[in-house]
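Topology and contacts: notes
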Amino acid sequence: MSARRGAERGGRVRIDVGRAGTRAGLAPDAVRRVAAFVLRAEGVRRADLSVALVSDAVMAGVNATYLGRRRPTDVIAFSLPSPDGRLMGDVYVAPGVARRSAARHGVTVREENVRLIVHGVLHVLGHDHPDGEGRTGSPMWRRQEELVAGAMRRLRW
């Protein structure tokens, strides 16, 4: 689903960013930098990752098709099999959902979009969390928040 807008190459890491009918709040280059930051922090040297910024309607379709839920959600990630051992995956982020969530949680839209990119990349890497109340106390959530803080401090905006 990702439309090629460029790729970051650091060794064998490629990150494609696409948009499907939405304003992201982050430029494609910033999305690539956030995803690359997470991959580096997690020790990944070989990856082919796609990050698609999608409208609420597109996200609702992805959610219905793959997870059986008929509503938009903030982020969905898929890890894909790779015969050569490199990390492969797709991350879908809904900036519209992120805007509403940012307002609810009192954070900037940029920070919430960064959080969703980090969250999606961690899922591609195999991290998981429980649903419900245990989610924000899980090891994945703690790692996510460390990476969000690091990305917000270190990356140039």
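Rules used throughout
- Residues numbered from 1 in each chain as written.
- Predicted model: local features only at pLDDT ≥ 70, side-chain atom pairs only at ≥ 80, totals over all residues.
- Heavy atoms only, no water.
- Helix = DSSP H or I, 4+ residues; strand = E, 2+ residues; numbered from the N terminus.
- Buried < 20%, exposed > 50% of the residue type's maximum accessible area, 1.4 Å probe, protein only.
- Areas by Shrake-Rupley, 256 points an atom, 1.4 Å probe, with all protein chains shown as cover.
- 1 Å grid on protein atoms, 1.4 Å probe; cavity = no way out; pocket = protein on both sides within 12 Å on 5 of 7 lines; lining within 4 Å.
- Points joined across faces, edges and corners; volume = space filled by probe spheres on them.
- Nonpolar A, V, L, I, M, F, W, Y, C, P; charged D, E, K, R; others polar.
- Salt bridge = Lys/Arg side-chain N within 4 Å of Asp/Glu carboxyl O.
- Core = buried A, V, L, I, M, F, W, Y, C linked by side-chain atoms within 4.5 Å.

Topic: the overall build of the protein
From N to C terminus, the protein includes five helices and four strands. Within the protein, buried positions represent 46% of all 157 residues. When the accessible surface of the protein is totalled, it reaches about 8,000 Å², and 48% of it is carbon and sulfur.

Quick notes on the layout of surface pockets
The calculated volume of the largest pocket comes to roughly 470 Å³. Residue assignment for the lining of the largest pocket shows that the elements contributing at least two residues are α2 (56-67), β3 (75-80) and α4 (109-124). It is β3 that provides the largest number of residues to the lining of the largest pocket, a total of four residues. Looking at the lining of the largest pocket residue by residue, the classes come out as five nonpolar, six polar and six charged. Taken as a whole, the second largest pocket encloses approximately 350 Å³ of empty space. Together, 18 residues line the second largest pocket, and Asp74, Ser101, His105, Glu112 and Trp141 are the ones closest to its centre. For the lining of the second largest pocket, the secondary structure elements donating two or more residues are α3 (95-105), α4 and α5 (139-154). Across the lining of the second largest pocket, the residue classes break down as five nonpolar, six polar and seven charged.

Here we look at the pattern of salt bridges
The final tally for this structure, using the stated rule, is twelve salt bridges. A salt bridge links arginine 14 to aspartate 48; the nearest nitrogen and oxygen atoms lie 2.6 Å apart. Of this pair, arginine 14 sits in strand β1 (residues 12-20) while aspartate 48 sits in strand β2 (residues 46-54); the two residues are 34 residues apart in sequence, bridging distant segments of the chain. The residue arginine 33 makes a salt bridge to aspartate 29 at a minimum N-O spacing of 2.7 Å. Remark: aspartate 29 and arginine 33 occur in helix α1 (residues 28-41); sequence separation between them is four residues, near one turn of the helix. Assessed through its relative accessible area of 23%, arginine 33 is described here as partly exposed. Using a relative accessible area of 39% as the deciding quantity, one classes aspartate 29 as partly exposed. Connected through salt bridges with shared partners, the residues Arg14, Asp16, Arg46, Asp48, Asp84 and Arg86 form a single ionic network.

Things to note about the nonpolar core
Core analysis: the largest hydrophobic core is formed by 34 residues, its most contacted members being Ile15, Leu39, Leu49, Val91, Ile117, Val118 and Val121. Counting residues per element, the ones that place at least two in this core are β1, α1, β2, β4 (87-93), α4 and α5. Tallying contributions element by element places α1 first for this core, with eight residues. The next biggest cluster of nonpolar side chains, apart from the first, holds eight residues, and it includes Ala52, Met59, Ile76 and Tyr92.

Focus on the environment of aspartate 90
Following the sequence through the fold, aspartate 90 ends up in strand β4. By relative accessible area, which is 21% here, aspartate 90 ends up partly exposed. The sequence separation of aspartate 90 and aspartate 48 amounts to 42 residues, and the corresponding C-alpha distance is 8.9 Å.

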